[in-house]
Each structure stands twice: as C-alpha cells, then as structure tokens.
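Chain by chain, the residues run as shown.
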Amino acid sequence: MRIWFSRQESQRIAYSFHSGYDFPLNILQSLLVLNISLTQIWHSNLPSIRGINTFKTANQRVFAYQTPPIGTVPSDLPSSYLNAKIFHFICSSIWASQHVTDILRLRDKRLPPPIFVWEPIPEGASKENIQSCIEAMKMVDVVSPNHEEAAALLGLITEDDEDDEKFLTEEMLICMADKFLKHQIGPHGNGSVVIRASYKGCLVATKEKKEIIPAYWTSLKDGNRNPHVVDVTGAGNAFCGGFMVGLLKSNFDVFEAALYGAVSASFTVEQFGTPRLSFDERGNEIWNAGDTPSVRLQKLRLRVKEKLKEVLKVKLKERIDMKKMHVKDHNGIN
C-alpha cells in the first residue's frame, strides 16, 4: 500500500503488529521509516513470530512457523483503525467471519460499512473447509486465494500434487472462478473473486466479467524467468495491498484495482525483503531506484489495452469467417 501514498498521506495506512522480547531492531527501524500509523503489541514473555519459506519449485512454496503464531484480532486495534474504509486480513475462513463480525460491532455505527478483502491462508485451503469458506465469502467483498489455494478449496488438488502448472491455464482459472461465483460473495451478492496466479498475473472475476491482468514482470520470450524477478516471497500480500489502494482510487473498480496490485507486486519481487525506499535531492521518494509506481501503472494499463485490442481483432476475424462459411453453405457452394 505504501508505495501509492506520499509521505504527507502515508499515515492513512494503519498497521498493527506483534513483537516479542527478541523483535529485531532493524525491522522496527524499517517500519518506522515508512511513516505509517503503527501499533506495536508488545509481548515481554513470548518470542517474536518467525516463519520459514521453502520453495519446492520456482512457483510452489511451503510455509512453516518456527515460533508459535500470535493472532491479531479487532479488539487489539485502536478505534481509529476500526473506522478505516478498507480492511485486509489473511486468515482461515472461520476467523474471516469472526473478524468481519467484530469490526462491524466495534466501529462507529454512523460510518458506512467498510470494504473487506480476505486472503485465505494455505493451511485452511482444503475441500473439508469449503463450507466455512462459502459462509465467509458472504461477509467479504473480495476473496483472493492464489491458484493453489483455490484448487485445494475446490477439491481439485491434494497435498501430494506437485503439478501446479495445470491450475495456471486461463481455462482452469476461469473454471475455478466460476465455481466460487456460484456462491454468494459479499452481503449483497455483488462481490468479486481475484485468483492470484503467480507469473501469469491474476484472474479478476465478477458475475458480469472476467479478465486476466498480467504480472508486471512477465516471463521472457524464451520462457526463462525475468531477471527483474529476484524473490517472489510476499508478492501475493503486496498485490493485495496495492489492490486495496486501487479499490479506493477507482471507486471500487476491481479490474482497475488489480493493476495497482500488480504494480505493488512488481516492486516486491525485485529484491530479497521489502522494496527499498530512498529520496532524491528534492526529497521525492524513490522505490528500488526505478520507475515510479504511477509510471508502471500507465505502462501496465497500456499493455492491457493493447492485449484487449488483439483479442477483439481475433474475435472479429472469427465472426467474419463464420459469416463467410454461412454464406457458402447457404449458396450450396460447399
């Protein structure tokens, strides 16, 4: 989220985090540099939350906690956080339902309902949990699993299945989105599903429309990994952060919002750890010493428009060819 806000606006981002007695000072300093609204929940008797990512393949990751996790609940948050316009949480379906219930109960009742973006956790992604997932989807505006989590929830994949490429095809992504959209998403049934699909980008789907939004850094023409992609850890989380900013800036246009998400992810994958923030001689913020987020957004938006033009050209040609065949058949030529 932070790359889209100037230093004068960045306090609008609220972030609550747990820290144990061994919380690294350098991580705290890196958070303070961002100039966002922070709430540190201190635990003098517990170790900080640590985890390890293991990549089985370039696109297949296994995550495991190294210390006991400590969950953040709405009652941990200051009232100013509870009155936010949009919330993002990464949790199980049961916790997603509980978080929405608690936030609506604790926030100022005079405010309009906020937007909820739910990112399911891999541990809860199994066909045994699909019913609780269906119940949680009724309460959130956007559900965003990655392709593996979506396949696991729908019972299409098992823990022993090592071939995740088949879930990255456009046909399979659309098929999985349709299965989610058969159920109610959002309190009024007008919510969306965004399936994050690794190097393919993401599929954004509503009842009316489905569209693939490509990743900013695509694979090279020879199929090799783009040299700009150094470490994909956190890309999905970063996508959701940018996506939320896009929702607010586009009056809840989920397709436009996905462009913001893709750009946020593009900065995250360029190095190990978080994007690097620096300043030029005028005090302007620079991320990763590259293009500004707004420049990347314009480039990606143009790419999507050009791709759409090509798709429309192909469809038009197919329709013209079908009309020609119809004329030939009608005249008895064939």
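Keep in mind that this is a model prediction, so the values were computed, not measured.

Caption draft 1: Representation of the pairing of strand β5 (residues 86–91) in the model. Pairing of β5 with strand β6 (residues 115–120), which is carried by six bridges, proceeds in the parallel orientation. Paired with isoleucine 86 across the strands is isoleucine 115, a residue of β6. In this fold, β5 hands off to helix α3 (residues 93–106), which returns the chain to β6; that crossover is right-handed.

Caption draft 2: Structural detail: the packing of aromatic side chains. In this structure the tally under the stated criterion is eight aromatic pairs. With a centroid separation of 5.4 Å and 35° between ring planes, the pair formed by phenylalanine 17 and phenylalanine 23 is classed as tilted. Seen from their ring centres, phenylalanine 89 and phenylalanine 116 are 6.0 Å apart, and the 40° between their planes marks the pair as tilted. Linking phenylalanine 89 in strand β5 with phenylalanine 116 in strand β6, this pair joins segments that are 27 residues apart in sequence. Side by side, phenylalanine 89 and phenylalanine 116 carry an identical accessibility label, which is buried. The rings of Tyr15, Phe17 and Phe23 are connected pair by pair, giving a single aromatic cluster. Positioned above the aromatic ring of phenylalanine 255 is the side chain of lysine 209, whose terminal nitrogen or guanidinium carbon lies 4.3 Å from the ring centre. Note that lysine 249 overlies the ring of phenylalanine 5, its terminal NZ or CZ placed 5.9 Å from the centroid.

Caption draft 3: Broad picture of helix α7 (residues 235–249). Helix length check: α7, at 15 residues, gives a terminal C-alpha distance of 21 Å against a target of 21 Å (1.5 Å per residue), a fit within 8%. Of all 15 residues making up α7, 11 are buried, and the element is well covered by its neighbours. Looking at α7, one finds that the buried residues are Ala235, Ala238, Phe239, Cys240, Gly241, Gly242, Phe243, Met244, Val245, Gly246 and Leu247. Check the buried side of α7 and you find it contacts β5, β6, β7 (142–143), β8 (192–196), β9 (202–205) and α8 (254–268).

Caption draft 4: Structural detail: the nonpolar core. With 39 residues, the main nonpolar core has Trp4, Val117, Val204, Phe239, Phe243 and Leu247 as its most contacted residues. Secondary structure elements with two or more residues in this core: β6, β9, α7, α8 and α9 (293–330). Looking at which element gives the most residues to this core, the answer is α8, with 10 residues. Those residues in contact with phenylalanine 243 that lie beyond four places of it in its chain are Val117, Val142, Val194, Val254, Ala257, Ala258, Tyr260 and Gly261.

Caption draft 5: Expanded view of a nonpolar patch on the surface. Nonpolar side chains collect at one region of the surface, where Ile49, Phe63 and Tyr65 lie side by side and expose about 270 Å² of accessible area between them. Structurally, the position occupied by tyrosine 65 is in strand β4 (residues 61–65). Residue class for tyrosine 65 comes out partly exposed when judged on its relative accessible area of 45%.

Caption draft 6: Expanded view of α8. Taking 1.5 Å per residue as the helical rise, α8 with its 15 residues ought to reach 21 Å, and the 21 Å between its terminal C-alpha atoms agrees with that figure. A distance of 3.0 Å separates the backbone nitrogen of phenylalanine 255 from a side-chain oxygen at the start of α8, and that oxygen is part of aspartate 253.

Caption draft 7: Looking closely at the packing of α7 against α8. At a minimum axis separation of 6 Å, α7 and α8 run at an interaxial angle of 140°. Between α7 and α8, the angle falls in the class oblique. The hand of the α7/α8 crossing is right-handed. Touching Ala235, Ala238, Phe239, Gly242, Phe243, Val245, Gly246, Leu247 and Lys249 of α7 are Val254, Ala257, Ala258, Tyr260, Gly261, Ala262, Ser264, Ala265 and Thr268, all from α8. For the contact of α7 with α8, the per-class residue count stands at 12 nonpolar, five polar and one charged.

Caption draft 8: A look at the sheet that holds β7. Here we have six strands laid out as an open sheet, ordered β5-β6-β7-β8-β9-β10, and mixed in their pairing. In the strand order of this sheet, the two ends are held by β5 and β10 (210–213), each with one partner. In the sheet, β6 pairs with β7 via two bridges, with the strands oriented parallel. Across the sheet, the residue bridging to tryptophan 118 is valine 143, located in β7.

Caption draft 9: Structural detail: the side chain of serine 93. Here serine 93 lies in helix α3. Relative accessible area serves as the criterion here: at 9%, serine 93 is assigned to the buried category. Residue contacts for serine 93: discarding those within four places in its chain leaves Trp118, Asn129, Ser132, Cys133 and Ala136.

Procedures and definitions
- Residues numbered from 1 in each chain as written.
- Predicted model: local features only at pLDDT ≥ 70, side-chain atom pairs only at ≥ 80, totals over all residues.
- Heavy atoms only, no water.
- Pairing = 2+ DSSP bridges.
- Helix = DSSP H or I, 4+ residues; strand = E, 2+ residues; numbered from the N terminus.
- Right-handed = clockwise from strand over helix to strand, strands pointing away.
- Phe/Tyr/Trp six-rings, centres within 6.5 Å; stacked < 30°, edge-to-face > 60°.
- Buried < 20%, exposed > 50% of the residue type's maximum accessible area, 1.4 Å probe, protein only.
- Lys NZ or Arg CZ within 6 Å of the ring centre and 35° of its normal.
- Expected span 1.5 Å × (residues − 1).
- Contact = heavy atoms within 4.5 Å.
- Core = buried A, V, L, I, M, F, W, Y, C linked by side-chain atoms within 4.5 Å.
- Patch = residues over 30% accessible without salt bridge, like charges linked within 9 Å, V, L, I, M, F, W, Y side chains within 5 Å.
- Areas by Shrake-Rupley, 256 points an atom, 1.4 Å probe, with all protein chains shown as cover.
- Salt bridge = Lys/Arg side-chain N within 4 Å of Asp/Glu carboxyl O.
- Polar contact = N/O pair within 3.5 Å; in protein donor to acceptor, adjacent residues only side chain to side chain.
- Axes fitted to C-alpha atoms, helices over the stretch in contact; angles between N-to-C directions.
- Parallel < 35°, antiparallel > 145°, perpendicular 65-115°, else oblique.
- Left-handed = near helix turned anticlockwise from the far one by under 90°.
- Nonpolar A, V, L, I, M, F, W, Y, C, P; charged D, E, K, R; others polar.

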